[in-house]
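# Examining the three-dimensional arrangement
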Amino acid sequence: MELPAPASLARRFDEVGELPAVARLRIASLSASARAAESRAESLSQIQLGVSLQADQPGGFVAFGVIGFQPRLAATDARETSVQLAEAARLEGEHAQALRDSRRFAADVLNELSQARAREERLRARVRPAAQLLVELEERAFAEREGNILAVLDARRRLLEAERMLVAGEAARVWSEVEAWLLLAAIQNGAGAQRAGTR
């Protein structure tokens with residue numbers, strides 16, 4: 001199964017905020033901010049308004065208006081509010097750090113994938129054919145008694161080294177693709193769980 005094109009893969013990796021760990025920190029941060037705002041609102045002065053209508057004699061009515069004001073002279077729960085504000089700020093910072101780390105990891109995965117593909121292509125298109133050509137030329141020179149066996153053996157050793165490098169390059173490319181697939185799956189699972197949670 002092929003990975004999406006590099007541009008499409010980069011767009012999908014931009015959604016690293018959907019990763020479960022990042023989304024969990026975002027939700028915890030929002031929740032802590034809401035608790036802190038609620039606590040702060042409870043410690044503020046309150047104004048209460050009220051209206052009352054009463055039917056009086058036939059065809060008449062009486063209206064009463066009530067305005068109440070409850071000042072808070074001293075914040076009784078300032079410590080609790082400040083602790084909640086600090087917790088909200090801490091969680092917001094953790095969320096921002098997790099998002100940065102996830103974006104950096106996604107960029108690293110894309111970079112490694114790109115480099116592994118380029119390295120494998122270079123080995124396949126240039127290095128191995130050059131080593132094969134060297135072996136053919138040295139064997140031909142040896143057959144025509146213009147070269148020696150050491151040059152042939154050295155050319156074969158270089159071809160084996162090129163083959164080894166190509167196998168290592170293929171392995172690096174495959175591993176980079178596996179990492180990209182795993183990151184894509186984690187992003188999709190996180191987005192799917194989030195959509196299921198909002199229903």
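In what follows, the accompanying structure is described. These numbers were taken from a predicted model, which means no experiment stands behind them.

### Topic: the overall build of the chain
The secondary structure content of the chain amounts to four helices and two strands. When the helices and strands of the chain are read in sequence order from the N terminus, they spell out α-α-β-β-α-α. Here the chain has a C-alpha radius of gyration of 35 Å; the compact-globule value for 199 residues is 16 Å, and the former is much larger. Dimensions of the chain along its principal axes, counting C-alpha atoms only, are 130 × 40 × 20 Å. For the chain, the residues scored as buried account for 24% of the 199 residues in total. For the chain, the share of sequence-separated contacts (at least 6 apart) that also reach a separation of at least 24 residues comes to 74%. Separation of charge centres in the chain, based on 27 positive and 28 negative side chains, amounts to 1 Å.

### A word on the packing of helix H1 (residues 6-13) against helix H3 (residues 78-143)
Close contact between H1 and H3 brings their axes to 10 Å; oriented N to C, the two are set at 165 degrees. If you check the angle between H1 and H3, you find them roughly antiparallel. Between H1 and H3 the crossing geometry is right-handed. On the side of H1, the interface is formed by Pro6, Leu9, Ala10 and Phe13, while H3 contributes Ala106, Val109, Leu110, Leu113 and Arg117. For the contact of H1 with H3, the residue count by class is eight nonpolar, no polar and one charged.

### Some remarks on the environment of Ala41
Tracing the sequence through the fold places Ala41 in helix H2 (residues 20-42). For the pair Ala41 and Thr81, spaced 40 residues apart in sequence, the C-alpha to C-alpha distance is 9.7 Å.

### Section: H2
A rise of 1.5 Å per residue sets the reference length of H2, with its 23 residues, at 33 Å; its end C-alpha atoms lie 33 Å apart and thus fit the reference within 8%. Here H2 has its buried residues at Val22, Ala23, Leu25, Ser29, Ala32, Ala36 and Ser39.

### Describing the pattern of salt bridges
Counted by the stated rule, this structure contains 13 salt bridges. A salt bridge links Arg117 to Glu177; the nearest nitrogen and oxygen atoms lie 3.5 Å apart. One end of the pair, Arg117, is in helix H3; the other, Glu177, is in helix H4 (residues 149-197), and 60 residues separate them in sequence. Note that Arg173 is salt-bridged to Glu120, the shortest N-O span being 2.3 Å. With Arg173 in helix H4 and Glu120 in helix H3, this pair connects stretches of sequence that are 53 residues apart. For Glu120, a relative accessible area of 7% corresponds to the buried category.

### Here's the deal with H3
Helical geometry note: an α-helix holds 3.6 residues per turn, so side chains three or four residues apart project in the same direction. Taking 1.5 Å per residue, 66 residues should reach 98 Å; H3 reaches 94 Å between its end C-alpha atoms and fits that length. The largest bend in H3 is about 40 degrees, located at Leu123. Once H3 ends, the next one or two residues include Arg145, with phi positive near 60 degrees.

### A look at unusual backbone geometry
Positive phi, close to 60 degrees, is recorded for Arg145, a residue that is not glycine. Tracing the sequence through the fold places Arg145 in the loop between H3 and H4. Relative accessible area serves as the criterion here: at 78%, Arg145 is assigned to the exposed category.

### Details of the pairing of strand S1 (residues 46-55)
Counting buried residues along S1, only zero of its 10 residues qualify, which leaves the element largely exposed. In this sheet, strand S2 (residues 61-70) lies alongside S1 in antiparallel orientation, the contact comprising 10 bridges. Residue Ile47 lies in a different strand from S2, and its bridge partner there is Phe69. Taking the residues between adjacent antiparallel strands as the criterion, S1 and S2 are bridged by five residues, where Gly59 takes a positive phi near 85 degrees.

Parameters and conventions
Going along each chain's sequence as written, the residues are numbered from 1 onward. Per-residue local features are limited, in this predicted model, to residues with pLDDT of at least 70; the limit for side-chain atom pairs, both in listing and counting, is 80 or more; totals at the level of whole chains, interfaces and linings are taken over all residues. Values shown for side chains rest on all heavy atoms present in the structure; no hydrogens or waters enter the calculation. Helix and strand definitions here come from DSSP, where helices need a minimum of 4 consecutive H or I residues and strands a minimum of 2 consecutive E residues; each element is numbered from the N-terminal end. Throughout, radius of gyration means the C-alpha value; the globule benchmark is 2.2 Å times the number of residues raised to the power 0.38. Exposure classes here rest on a 1.4 Å probe applied to the protein chains alone. A residue is buried below 20% of its type maximum, exposed above 50%, and partly exposed in between. The contact definition used throughout considers only heavy atoms, calling two residues in contact when any of these lie within 4.5 Å. Two residue types count as positive, namely Lys and Arg, and two as negative, namely Asp and Glu; His and chain ends fall outside the count. By convention, the charge on Lys lies at NZ, on Arg at CZ, on Asp at CG and on Glu at CD. Angles shown run from 0 to 180 degrees and are taken between the N-to-C directions of axes, each axis being a line fitted to C-alpha atoms and, for helices, limited to the stretch in contact. Working rule for angles: under 35 degrees goes down as roughly parallel, over 145 as roughly antiparallel, 65 to 115 as roughly perpendicular, anything else as oblique. Left-handed describes a crossing whose near helix is turned anticlockwise from the far helix by less than a right angle; the clockwise case is right-handed. All amino acids are sorted into three groups, where Ala, Val, Leu, Ile, Met, Phe, Trp, Tyr, Cys and Pro are nonpolar, Asp, Glu, Lys and Arg are charged, and the leftover types, Gly among them, are polar. Here the expected span of a helix is defined as 1.5 Å times the quantity of residues minus one. A carboxyl oxygen of Asp or Glu within 4 Å of a side-chain nitrogen of Lys or Arg is what we treat as a salt bridge. What is called the bend at a residue is the angle between a pair of axes, fitted to the seven residues leading up to and ending at it and to the seven starting from it. Paired strands are those between which DSSP finds at least two bridges.

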